[in-house]
Amino acid sequence: MSARILDGEAFAARTHRETAGRVEQLKSRGITPGLVFIRVGEDPASRAYVSRKEKRAQEVGIASRTLVLPETTPLAALLKEIDALNADPKVHGILIQAPLPSTLPNDVVYARVSPAKDVDGFHPLNFGKLLLGDPSGFLPCTPAGILEILRLGEIPTAGQHAVIVGRGQIVGRPLALLLARKAPGADCTVTLAHSRTVNLPSLTRQADILIGALGRPLFLKKDHVKPGATVIDVGVNRLTDPANPRGYRLVGDVDFDSVKSVAGSITPNPGGVGPMTIALLLSNTVRAAEDLSR
Ligand code: GUN
């Protein structure tokens, strides 16, 4: 039997329709939500991600633009740009695309974004609110998008064992906290596994919900998966492929072709977590505009 596909594009289209409706309401009050992306350097993957997000934002009626800064931008110059956006009343959301050049300290840069405009949920205040269960903060978009996939895919979560492979700051760690919350769509028993975990397959085979978020191409195979489990693939990895005109192809952390025969439900990749991450970014941006215009 082949797994049910959790179609992130279709789920995202639903979320985008709701977001577009909220944009209309704001516009009827004379407010156009504004989102600015900051991209430092010319990393090809970042260029592609940012332009996709900018295009989607425009499709739902959000005024979006990208500020492109050179790879050699000094910290002080970047902070000055962030300060100007923090002070600009037309800008409701600010997203600084990761990864930053290694010369720039992530913690300093992300902490400079006004928490009220931090639609990425990367500011320490928003991360702290997530930890405390304070709903006034912004949730990071990929973990929040995964919760939406589980909700819209009608995957039961209460009492289920979720195993997250990958403890990164953007996905694994916040997702572990969110899935363990005492709340509808959560209430999971969570295991946060990682590259140093001993005997990983014996753990992942206990998962009712298995999430690959470690950034290793096609890492999770059929043998990692309990029959009937829900499998969510967060990875975006480049795999060398001489047969491809670009010289590489993009693959997830999950070996979809082998896992789909054992999983109960699975996200495709592309077309799973990625589109939902963008959908949550845009709904966070509209919420920022609603909150800032109250
Ligand atoms: N790079 C990869 N994922 C993300 C994300 O969610 N936000 C930002 N700003 N950069 C990223």
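Above this text is the structure in question.
Notes on the structure follow. The numbers attached to residues start from 1 for each chain and follow its sequence in the written order. Predicted model: local features are reported for residues with pLDDT of at least 70 only, side-chain atom pairs are reported and counted for 80 or more only, and whole-chain, interface and lining totals are derived from all residues. With hydrogens and water stripped out, all remaining heavy atoms of the structure feed into the side-chain values.

## As for the pairing of strand β7 (residues 209-212)
Next up, step 1: A simple rule labels every residue: compare its accessible area, found with a 1.4 Å probe on the protein chains alone, to the largest value its type can have, and call it buried under 20%, exposed over 50%, or partly exposed in between. Comment: elements are numbered from the N terminus, with helices defined as DSSP H or I runs of at least four residues and strands as E runs of at least two. Residues Ile209 and Ile211 of β7 are buried on one face, and the alternating residues Leu210 and Gly212, pointing to the opposite face, are buried as well.
Next up, step 2: As judged from the 4 bridges shared by β7 and strand β8 (residues 230-233), these two strands associate in the parallel manner. Note that in β8 the partner of Leu210 across the bridge is Val231. Only strands that DSSP links by at least two bridges are regarded as paired with each other.

## Comments concerning the environment of Leu210
Next up, step 1: Secondary-structure assignment places Leu210 in strand β7.
Next up, step 2: Sequence separation of Leu210 and Ala263 is 53 residues, and the distance between their C-alpha atoms is 9.7 Å.
Next up, step 3: In what follows, residue pairs with any heavy atoms lying within 4.5 Å of each other are defined as contacts. Once you skip the residues sitting within four places of it in the chain, Leu210 turns out to touch Val163, Val165, Thr204, Leu220, His224, Val225, Thr230, Val231 and Ile232.

## Side note on the sheet that holds strand β1 (residues 4-5)
Next up, step 1: Sheet architecture is open: 6 strands sit in the order β1-β11-β8-β7-β5-β6, paired in parallel fashion. Only two strands of the sheet have a single neighbouring strand rather than two, namely β1 and β6 (189-193).
Next up, step 2: The strands that helix α7 (residues 172-180) touches are β5 (161-165), β6 and β7; relative to β6, the one it contacts most, it runs at about 170 degrees. Note on definitions: angles span 0 to 180 degrees between N-to-C directions of axes, and those axes are lines fitted to C-alpha atoms, for helices only across the stretch in contact.

## Side note on helix α6 (residues 141-152)
Next up, step 1: In this scheme, a helix's expected span is set at 1.5 Å multiplied by one less than its residue total. The end-to-end C-alpha distance of α6 is 16 Å, a good match for the 16 Å that 12 residues give at a rise of 1.5 Å each.
Next up, step 2: Counting buried residues along α6, 11 of its 12 residues qualify, which places the element largely inside the surrounding structure.
Next up, step 3: Of all the residues in α6, the buried ones are Cys141, Thr142, Pro143, Ala144, Gly145, Ile146, Leu147, Glu148, Ile149, Leu150 and Leu152.
Next up, step 4: Along its buried surface, α6 packs onto α1 (8-28), α7, β7, β8 and α10 (273-292).
Next up, step 5: Positioned one or two residues after α6, Glu154 has a phi angle of 55 degrees, which is positive.

## Considering the packing of helix α5 (residues 124-132) against α7
When two helices pack together, their arrangement is given by the angle between the helix axes and by the axis-to-axis distance.
Next up, step 1: Viewed as axis vectors pointing N to C, α5 and α7 meet at an angle of 30 degrees, and their least axial separation amounts to 9 Å. As the angle between them shows, α5 and α7 are arranged roughly parallel. Here Phe127, Leu130 and Leu131 of α5 lie close against α7, whose contacting residues are Pro174, Leu177 and Leu178.
Next up, step 2: Looking at the contact of α5 with α7 residue by residue, the classes come out as 6 nonpolar, no polar and no charged. Oblique is the label for every angle not falling under 35 degrees (roughly parallel), over 145 degrees (roughly antiparallel), or within 65 to 115 degrees (roughly perpendicular). Only Asp, Glu, Lys and Arg are considered charged in this grouping, and only Ala, Val, Leu, Ile, Met, Phe, Trp, Tyr, Cys and Pro are considered nonpolar; every other residue, Gly among them, is considered polar.

## Quick notes on unusual backbone geometry
Next up, step 1: Ala98 connects to Pro99 through a cis peptide bond whose omega is 5 degrees.
Next up, step 2: Pro270 follows Asn269 through a cis peptide bond whose omega is 5 degrees.
Next up, step 3: Turning to its location among the elements, Pro270 is positioned in the loop between β11 (265-266) and α10.
Next up, step 4: Notably, Asn199 is not glycine yet its phi reads approximately 55 degrees, a positive angle.
Next up, step 5: Topologically, Asn199 is positioned in the loop between β6 and α8 (200-204).

## Description of helix α2 (residues 44-59)
Next up, step 1: When the terminal C-alpha atoms of α2 are compared, their 23 Å separation across 16 residues agrees well with the 22 Å that a helix rising 1.5 Å per residue should span.
Next up, step 2: When α2 is considered as a whole, its buried residues turn out to be Ser46, Val50, Lys53, Glu54 and Ala57. For α2, the arc enclosing every buried residue in end-on projection is 100 degrees, short of the 170-degree limit, so these residues lie on one face. Pointing more than 90 degrees away from the buried face of α2 are the exposed residues Pro44 and Lys55.
Next up, step 3: Buried residues along α2 sit in contact with β2 (34-40), β3 (63-69), β4 (93-96) and α10.
Next up, step 4: Taken from the residues just after α2, Gly61 is the one with a positive phi, measuring 95 degrees. The arc in question is formed by the directions pointing from the helix axis toward the C-beta atoms.

## Focus: the site of the ligand
Next up, step 1: When we say a residue is near a molecule or strand, we mean one of its heavy atoms is within 4 Å of it. If you check the shell around the ligand, you find Leu95, Ile96, Gln97, Ala98, Asp120 and Phe122 and nothing else.
Next up, step 2: We call two N or O atoms a polar contact when they sit within 3.5 Å, provided that within protein one can donate a hydrogen and the other can accept it, with sequence-adjacent residues counted only if both atoms are side-chain atoms. In the environment of the ligand, a nitrogen atom lies 3.2 Å from a nitrogen or oxygen atom belonging to the side chain of Gln97.
Next up, step 3: Protein contacts shield 82% of the accessible area of the ligand, which totals 280 Å² for the unbound molecule.
Next up, step 4: Taken together, the residues of the shell around the ligand break down into 4 nonpolar, 1 polar and 1 charged. Throughout, the Shrake-Rupley method with a 1.4 Å probe supplies accessible areas, and for residues the shown protein chains are the sole cover considered.

## Describing the sheet that holds β2
Next up, step 1: The parallel open sheet is built from 3 strands, whose spatial order is β3-β2-β4. This sheet does not close on itself; its edge strands, each paired only once, are β3 and β4. Here the average twist between neighbouring strands, direction ignored, is 15 degrees.
Next up, step 2: Examined bridge by bridge, β2 and β3 share 7 bridges and lie parallel to one another. Across the sheet, the residue bridging to Val36 is Arg65, located in β3.
Next up, step 3: This element, α2, spans β2, β3 and β4 of the sheet and lies at about 170 degrees to β2.

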